[in-house]
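The chain contents come next:
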Number of protein chains: 4
Amino acid sequence: MANLGFIGLGAMGGRVTKRLLDAGHTVTGYNRSKSKAQWLLDAGMRWGETPRAVAEVADVTFTMVTNTSALHEVVGGPDGVLAGLGNGKIYIDMSTVSPNASRRLATQVAAKGGHMLDVPVSGSVITLEQGNLSLMVGGEEAIFEQVKPILLDIGPKVNYVGKNGQAVLMKVAINLNLQVQIMAFYEGLLLAEKGGVPRETALEVMLNSVIASPSLKYRTPFILQPPDEAWFNVDMMQKDMLLALEMGRELNVPLPTVAISNEYLTSARAMGLAKEDFAVVFKVLAKMAGLDV
Amino acid sequence: MANLGFIGLGAMGGRVTKRLLDAGHTVTGYNRSKSKAQWLLDAGMRWGETPRAVAEVADVTFTMVTNTSALHEVVGGPDGVLAGLGNGKIYIDMSTVSPNASRRLATQVAAKGGHMLDVPVSGSVITLEQGNLSLMVGGEEAIFEQVKPILLDIGPKVNYVGKNGQAVLMKVAINLNLQVQIMAFYEGLLLAEKGGVPRETALEVMLNSVIASPSLKYRTPFILQPPDEAWFNVDMMQKDMLLALEMGRELNVPLPTVAISNEYLTSARAMGLAKEDFAVVFKVLAKMAGLDV
Amino acid sequence: MANLGFIGLGAMGGRVTKRLLDAGHTVTGYNRSKSKAQWLLDAGMRWGETPRAVAEVADVTFTMVTNTSALHEVVGGPDGVLAGLGNGKIYIDMSTVSPNASRRLATQVAAKGGHMLDVPVSGSVITLEQGNLSLMVGGEEAIFEQVKPILLDIGPKVNYVGKNGQAVLMKVAINLNLQVQIMAFYEGLLLAEKGGVPRETALEVMLNSVIASPSLKYRTPFILQPPDEAWFNVDMMQKDMLLALEMGRELNVPLPTVAISNEYLTSARAMGLAKEDFAVVFKVLAKMAGLDV
Amino acid sequence: MANLGFIGLGAMGGRVTKRLLDAGHTVTGYNRSKSKAQWLLDAGMRWGETPRAVAEVADVTFTMVTNTSALHEVVGGPDGVLAGLGNGKIYIDMSTVSPNASRRLATQVAAKGGHMLDVPVSGSVITLEQGNLSLMVGGEEAIFEQVKPILLDIGPKVNYVGKNGQAVLMKVAINLNLQVQIMAFYEGLLLAEKGGVPRETALEVMLNSVIASPSLKYRTPFILQPPDEAWFNVDMMQKDMLLALEMGRELNVPLPTVAISNEYLTSARAMGLAKEDFAVVFKVLAKMAGLDV
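Residues numbered from 1 in each chain as written. Chains lettered and ligands numbered in written order. Predicted model: local features only at pLDDT ≥ 70, side-chain atom pairs only at ≥ 80, totals over all residues. Heavy atoms only, no water.

A. Structural view of the interface of chain C and chain B. At the junction of the two partners, chain C supplies 18 residues and chain B supplies 18 residues. Summed over both sides, the interface of chain C with chain B buries roughly 1500 Å², with 57% coming from carbon and sulfur. Three residues stand out in chain C for area buried against chain B, namely R249, N252 and E263 of chain C, and they jointly supply 41% of the buried area on that side. The tally of links from chain C across to chain B stands at six residue pairs in polar contact (both at pLDDT 80 or more). Broken down by secondary-structure element, the contributors of at least two residues to the side of chain C that touches chain B are helix 12 (234–251) and helix 13 (256–270) of chain C. Looking at the side of chain C that touches chain B, the element that brings in the most residues is helix 13 of chain C, giving nine residues. Across the side of chain C that touches chain B, the residue classes break down as nine nonpolar, six polar and three charged. (Contact = heavy atoms within 4.5 Å. Buried area = accessible area lost by both parts, 1.4 Å probe. Polar contact = N/O pair within 3.5 Å; in protein donor to acceptor, adjacent residues only side chain to side chain. Helix = DSSP H or I, 4+ residues; strand = E, 2+ residues; numbered from the N terminus. Nonpolar A, V, L, I, M, F, W, Y, C, P; charged D, E, K, R; others polar.)

If you want it as structure tokens, here you go:
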């Protein structure tokens, strides 16, 4: 069993840590708010006072935070992960951040004698709990082979994608589909509904058909019954869409359906829905179709 | 076992007929080109000289043709289905046609004392052969209950949707997703590819993720290896997109991702790709991204 | 001076007729509602009991109606223009109709020994009154040369475009710009306004800049002060956008900005604004930006 | 006559300086490459060794550079404009930069006891030479009144817009129209052309119509005869579109026609056209329509 560190114990990171503990690994954890990590300490996790402290004691350190600037906070500075990384140590970032930021970080890690992998995940809290999370890996292949057994303890599908930064790029390439798929789904749903098919029936039939991706199956029922807490809110979804558009410009790939779908997230924010699950974009489209929602 | 008629024995219609024969029903068939139906005659299907003749001998007559005008051809005129329909007969159209045309036809059938259902399917030749086809039913619910066992011999998922025309509307609402989903998928794929991930790897990872709907799983591998024959070509896909846009205007539902995706089918046609499977829209997007394809 | 006929004496057609009378021509007119034509009868116009009667007495007969089906009404049937056209007569349609319908009509006119030109106009009631209307001409060039002096009495810019149907195509090609230009204008205006610039100031500055086309200058002030009566309402604008999209599909020309702009007209209709001047699309965009309008 | 400084003597900045000299003002200039400024030195301009030196000798200092980062270069550091600004001095930036960057700079200028205005222009080299440039002014109104006579020497239309940063926002709001207008224009042009109207004729008729904004009049003839040197290339246009989209997200204004048009600039870059005048986007649309260009 391995000696691991984990920084960022939120909804996703906390549950990943729990799986690693359950698999028998030693895990030293750090979170900005310690109280939110109590359940993990109760489950046997050790506490590190700073990201640096975690990186110093662990052989393999993970981070999983909200965005590029949150990552810079836990990685840089005198108390950051980088300060604690030495020769031969492995650092794995599971956040969805800008591919360029990820690549730059890998260079800094290498300069300290360490090795970095970017290992974003595809799936949600539910997929994770069901043990179905899929992981994508960017970085040196030899390092990947070394940590592969640990990654398989997190989820059953682990795909080596390529060089540093390419796994987060892959993640962005997947996530842009989430928003476009849900837009098209709602366009169809509203068509059926305004044509006289009850919303529940239309939803059921569409989710029984060949277009029903797992992400649509999880998320579209939220229009009938919103979740208590957003899984992935409008702000977060738009962050990923903007990463996609930014990469599209850099790599010269036009993204027409992404560009147009992104504007509906802007409308959702304009209507005060920024913190709701992005399934709420239904309300924007319904309003455009003249419905009171 | 029932006494059935089937008009339109193409790639889909022929295979549906085969399933009905295999289930033990008597089927009288008609097709414009008789030679294409030889395999069904060999399997025990009887031959009707005209659509009218089929409708006269059968208790339940099916049609499954390419579009609204093909439907008018087999249904109208002295040799058409309508001429053969009498009191209490049931007529089931499985084509994807304009919801309005379907509704008008149902009125004509009722005037002859018959009953019409619109029963479009969601799925392809493959789904059908695997016994996974899903059927949507529009029309009187009592008539639906009467033929339900027959429909279950075609596919395992049969959803009653509502009044005449609402099942084809539902079908259109589903199909618009096919094209938008494949656009977004390719946008992501090209992003990954131009960022350095090999096309095969990117494809595999994306098809392993939560965005992989059954239709994407079947179809996107065509960019590596096109099918011998198009399952659903650009012209057919655009026909369905136009039905969606037409209904969107009639029912006042804006369809932004459909509208923009449809323009790429126009480009595919402009580039001479009208008769290839609509998966070929990849070539349009790749060209827009500066790739030689 | 020529012996003319004019059918369709609405807002535009009536004013064109007045100019022709003012120029000294003899005009026999017809309108569905005779009372609306009283001011022209007072100005010396003669009355024809049917479109056919007009065509029989005039050497050159004009029509100017709302859409393709209104054109078919005044042209076809026993009392229609076609029935009154004989050898050597000239028929000029000034309506904006489908290029294909226009071409078919020209063939019918030729079969009667007559000659047809399609002569749509670019401009509004105001442009017309200011004597600035621009006319586009499709049909045989020799016939055009023959009636050119009459057309110059209507407006100062007369452009020969090409064969029958090409002038209405040209008109559609121009009109699609109206809607896209106003969309982009409003997007910019809302950006300035939500950034703190007063709406009046933003409007003035934009109309002082290089993007201010004549049509934007006439129309965008309507968001401050709507016109008493729509010049060109949402339904009419969408009719032209649909003609453009229809031609785009037929000629294989993708129209991305048209396709997306058209969906906002659909939203305007969904919000009950179908009969207001299309400048009202501002309300749709403003609502999407979270403003109460 | 005033004692002025001017930094950034490129295509636009050089010509503005020339107008100021012609009006009788004293101008001390600075440019990265002195040789490009020789014609202005010959016309009586004085030379400043650094941006700071210019700001020290002038009462009113102008900058006009390519983008936000170029602005930071001439403004910051020991040799920058800021270092040379003291009590009561006025600093006018004529560049199109991010409204936020402009606002931050104004705060820094105020901290030194100076006053900043953002004064972007609408128009091109041609408009400027014809004496038709329009200027927008953001900042304190009293300072604007003070320099208004000088600004009128540059162009005849000077609009006070509001607080610091609001004039550049206004500029961005105008410029997004340039790209959307040209897209729609080309969509119409290609429709006419593929329908049989010669390109020259279609262009002429469209430029004779109510949609012909000054910017379309200057620029669309480039598709027949490209300019020797790009006035405003694809990269520069996309920079402005991205500023618009960035502000749209910040201010919650959806920009559908901008978002979709921007993707065609990305395609232009993917096709190797980044340095050509943005009128070249015609080639992208033409290729999408199946034409060889």
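B. How the structure looks around the packing of aromatic side chains. Residue and element names in this part refer to chain A. As enumerated under the stated definition, the model contains 32 aromatic pairs over all chains in all. With a centroid separation of 5.0 Å and an interplanar angle of 70°, the aromatic rings of Y186 and F282 are classed as edge-to-face. In this pair, Y186 is assigned in helix 9 (residues 166–194) and F282 in helix 14 (residues 281–288), connecting sequence segments 96 residues apart. Each member of the pair Y186 and F282 is classed as buried. (Phe/Tyr/Trp six-rings, centres within 6.5 Å; stacked < 30°, edge-to-face > 60°. Buried < 20%, exposed > 50% of the residue type's maximum accessible area, 1.4 Å probe, protein only.)

C. Focus on the environment of I154 of chain A. Residues and elements named next belong to chain A. Looking at where I154 falls in the secondary structure, it is placed in helix 8 (residues 141–154). A residue is classified by how much of its surface remains accessible, and I154, at 0% relative accessible area, is buried. As a C-alpha pair, I154 and E49 span 105 residues in sequence and 25 Å in three-dimensional space. Once you skip the residues sitting within four places of it in the chain, I154 turns out to touch V16, R19, L20, F62, M94, L128, L133 and L135.

D. The arrangement of the relation of the copies chain C and chain D in detail. At an RMSD of 0.0 Å, chain C and chain D line up after a rotation of 180° and a shift of 0.0 Å along the axis. Look at the turn and shift together and you get a two-fold axis relating the two. For chain C, the minimum C-alpha distance to the rotation axis belongs to S213 of chain C and amounts to 1.8 Å. A share of 100% of interface residues in chain C that are also interface residues in chain D marks the association as one of identical surfaces. (Least-squares fit on C-alpha atoms with pLDDT ≥ 70 in both.)

E. Expanded view of the pairing of strand 1 (residues 3–7) of chain A. Residue and element names in this part refer to chain A. Counting buried residues in strand 1 gives four out of five residues, a clear majority hidden from the surface. Where strand 1 and strand 2 (residues 26–30) come together, five bridges link them in parallel fashion. From the neighbouring strand, L4 faces strand 2, where its bridge partner is V27. Tracing the backbone out of strand 1, into helix 1 (residues 11–22) and back to the parallel element strand 2 gives a crossover that is right-handed. The pairing of strand 1 with strand 4 (residues 60–63) spans four bridges and is classified as parallel. Its bridge partner lying in strand 4, F6 is registered against F62. (Pairing = 2+ DSSP bridges. Right-handed = clockwise from strand over helix to strand, strands pointing away.)

F. Here's a closer look at the environment of L85 of chain C. All names here are of chain C. If you trace the backbone, L85 turns up in the loop between helix 5 (81–84) and strand 5 (90–93). The exposure class of L85 is buried, given its relative accessible area of 5%. Spatially, the C-alpha atom of L85 lies 9.2 Å from that of H115, the residues being 30 residues apart in sequence. What L85 contacts, discounting residues up to four positions off in sequence, is A55, Y91, V109 and K112.

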